[in-house]
Amino acid sequence: MAATKVRGLVAALNSTGCFKYKSPDAVVDFLVVGGGVVGLAIAQRLSERFPTKSTYLVERHPRAGEETSSRNSEVIHAGLYYPPESLKTQLCLRGRHLMYERCDKYNIPYRKTGKLVVAHEHQRAYVESLFAKARQLPWPKHSPPHGAEDQVLPVSLITGAQARELEPDLSPDITAALWSPETGIVDSHSFMESLEKDISESVGGELVFSTRVVRVDPYKSEESSRLSSEEGWVVQTITENARQGDSLLARTLINASGLAANLIPNSLLPEASRIPMFFARGSYAAYSGPGISQIDRLIYPCPETGPNKHAFQSLGTHLTLDLQGKVRFGPDLEWISPPCHASASEYDFNEENVDFWRKHLKPSDSRLEEMHRAVTEYLPGVSFAGFRPDYVGVRPKLVLSGFQDFTVRKDYADRSGRGLMVSLMGIESPGLTSSLAIAEHVVHDVIEPEHIHISQ
């Protein structure tokens, strides 16, 4: 679907008014909504930083990481592609270091494969610009001590011939490549399990699954309540199919709900100011066959930079490996919209339709021909017969074109700047790599300065 015809969802939490306000009957210091890799990382960091405070994480699915976090390439990105000053670059650089550090500490399976970004002659300028940018990148905030000559992102610019020495199956038309030795792959499920374990074993941490947030309101103190001196957000939840829900007062609320991250802010905004969420479907294909017999590294083509450029929306249909050495290609990029009918605008505003994208998760062979054509641009020996549908992921997008950084939005329960809510939106690639750094940023750079009175 052409991006110009794509519609986004502008739904808001409790838009139907089904759930009426319910006074809170308990208080939690930190409430994290969303149990993907980012929500888990934030809850883990909070429970570690504030061990005497309560940190709850609520996730609507029975298990953690059921959406974007478990449907991606599992690549540990180096931090090559985005503007140097952006959160995507800075948190990817920092997150890569934290990821490898945690993997080593907790024996989480990973492999530092390295990556080649390969270019045809007309794309040479692109990899040269990546190389120049990488050489000048500053070390991100919170980095460990390092020497003046140490580079945060070591890379090499090599010729096509040198690239074929590393990967002989590459096309003879490849004339240049960028070699990134710090790129790797990780067992994302083991990584998330390690975060879950930390939270569960902490003094104040608690994980609550099969529980969805159905309403959020700024807390208005009630003179008759024992919580009259409190400030924060009233969060109503429903566990599984229960008729009655619970109501919590969250002193600090962190919204890390991924594909539905706009629902809570939209419930507080006037309709004209609501934030749309767009959805990008990415298909992956497993491959077995000729043309990859000696592949040992990740291989990425240059993103499209011509009239149909999508460099900031997709990195192209690349070759990745899993920890067993199996090859897969993807993801591609396919914009999906809510069903189109006479009342399309009404559909787009209806909270009940936020999971329409689930109908697009079934892999099919409809994308294979286009994927094969893209891959043969750099690996001409691969056979169409060797491609088969593998799995599909959906990425949350705040824009349809151009660069969009990770968004860290702050809202307050009152006009005096008290009762903080942090919403993380548009957290797609390199979200897995950046997850620990996002948590570090949210806890130490966003929450702590706003909560100077919080002490252990």
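Structure: see above.
This text gives an overview of the structure that appears in the document. Because the structure is a prediction, the values reported are computed rather than measured. (Residues numbered from 1 in each chain as written. Predicted model: local features only at pLDDT ≥ 70, side-chain atom pairs only at ≥ 80, totals over all residues. Heavy atoms only, no water.)

Here the focus is the nonpolar core. Membership of the largest hydrophobic core comes to 47 residues, with the highest contact counts inside it found for Leu319, Phe329, Tyr378 and Leu379. Sequence-distant contacts of leucine 379, that is, excluding residues within four places in its chain, are made with Asp169, Leu170, Gly291, Ile292, Ile295, Ile299, Leu319 and Phe329. Of all hydrophobic cores here, the second largest spans 41 residues; its members include Val32, Leu57, Ala64 and Ile427. (Core = buried A, V, L, I, M, F, W, Y, C linked by side-chain atoms within 4.5 Å. Buried < 20%, exposed > 50% of the residue type's maximum accessible area, 1.4 Å probe, protein only. Contact = heavy atoms within 4.5 Å.)

Relative orientation of the contacting elements helix 2 (residues 87-106) and helix 9 (residues 431-450) amounts to 100°, with a least axis distance of 6 Å. When the interaxial angle is binned, helix 2 and helix 9 end up roughly perpendicular. Across the interface between the two elements, Leu87, Lys88, Leu91, Cys92, Arg94, Gly95, Arg96, Leu98, Met99 and Arg102 of helix 2 pack against Leu432, Thr433, Ser434, Leu436, Ala437, Ile438, Glu440 and His441 of helix 9. Grouping the constituent residues of the contact of helix 2 with helix 9 by class yields nine nonpolar, four polar and five charged. (Axes fitted to C-alpha atoms, helices over the stretch in contact; angles between N-to-C directions. Helix = DSSP H or I, 4+ residues; strand = E, 2+ residues; numbered from the N terminus. Parallel < 35°, antiparallel > 145°, perpendicular 65-115°, else oblique. Nonpolar A, V, L, I, M, F, W, Y, C, P; charged D, E, K, R; others polar.)

Moving on: the side chain of serine 435. Here serine 435 shows up in helix 9. Polar side-chain contacts of serine 435 include one of 2.9 Å to the backbone oxygen of leucine 432. Beyond its immediate chain neighbours, meaning those up to four positions away, serine 435 contacts Val37, Val38, Ala41 and Phe191. (Polar contact = N/O pair within 3.5 Å; in protein donor to acceptor, adjacent residues only side chain to side chain.)

Attention shifts here to helix 5 (residues 188-201). Over its 14 residues, helix 5 extends 20 Å from the first C-alpha to the last, a length consistent with the 20 Å expected when each residue adds 1.5 Å. Listed as buried for helix 5 are Ser188, Phe191, Met192, Ser194, Leu195, Asp198 and Ile199. For helix 5, the angular spread of the buried residues around the axis is 150°, confining them to a single face. Between the side-chain oxygen at the start of helix 5 and the backbone nitrogen of histidine 189 there is a gap of 3.2 Å, and the oxygen is on aspartate 187. (Expected span 1.5 Å × (residues − 1). Arc of directions from axis to C-beta.)

In the structure shown here, the tally under the stated rule is nine aromatic pairs. Measuring from centroid to centroid gives 5.3 Å for tyrosine 100 and tyrosine 110, while their planes differ by 50°, and the two rings are tilted. Placement of the pair is tyrosine 100 in helix 2 and tyrosine 110 in strand 4 (residues 110-111), with a sequence separation of ten residues. By relative accessible area, tyrosine 110 is classed as partly exposed at 29%. Pairwise contacts between aromatic rings join Tyr81, Tyr82 and Phe403 into one cluster. Over the face of the ring belonging to tyrosine 82 we find lysine 88, whose NZ or CZ atom lies 4.9 Å from the ring centre. Here the basic side chain of lysine 115 rests over the ring of tyrosine 300, its NZ or CZ set 4.0 Å away from the ring centre. (Phe/Tyr/Trp six-rings, centres within 6.5 Å; stacked < 30°, edge-to-face > 60°. Lys NZ or Arg CZ within 6 Å of the ring centre and 35° of its normal.)

Within the fold, serine 202 resides in the loop between helix 5 and strand 9 (205-208). On the basis of relative accessibility, which here comes to 18%, the residue serine 202 falls in the buried class. A polar side-chain atom of serine 202 sits 2.7 Å from the main-chain carbonyl oxygen of isoleucine 199. In terms of polar contacts, serine 202 uses its side chain to reach the backbone amide nitrogen of glycine 205, at 3.0 Å.

Another point: the state of the cysteines. Per the stated rule, a full pass over the model turns up zero disulfides. Between cysteine 103, a cysteine without a disulfide, and cysteine 92, which holds the nearest cysteine sulfur, the sulfur-to-sulfur distance is 14 Å. (Disulfide = S-S within 2.5 Å.)

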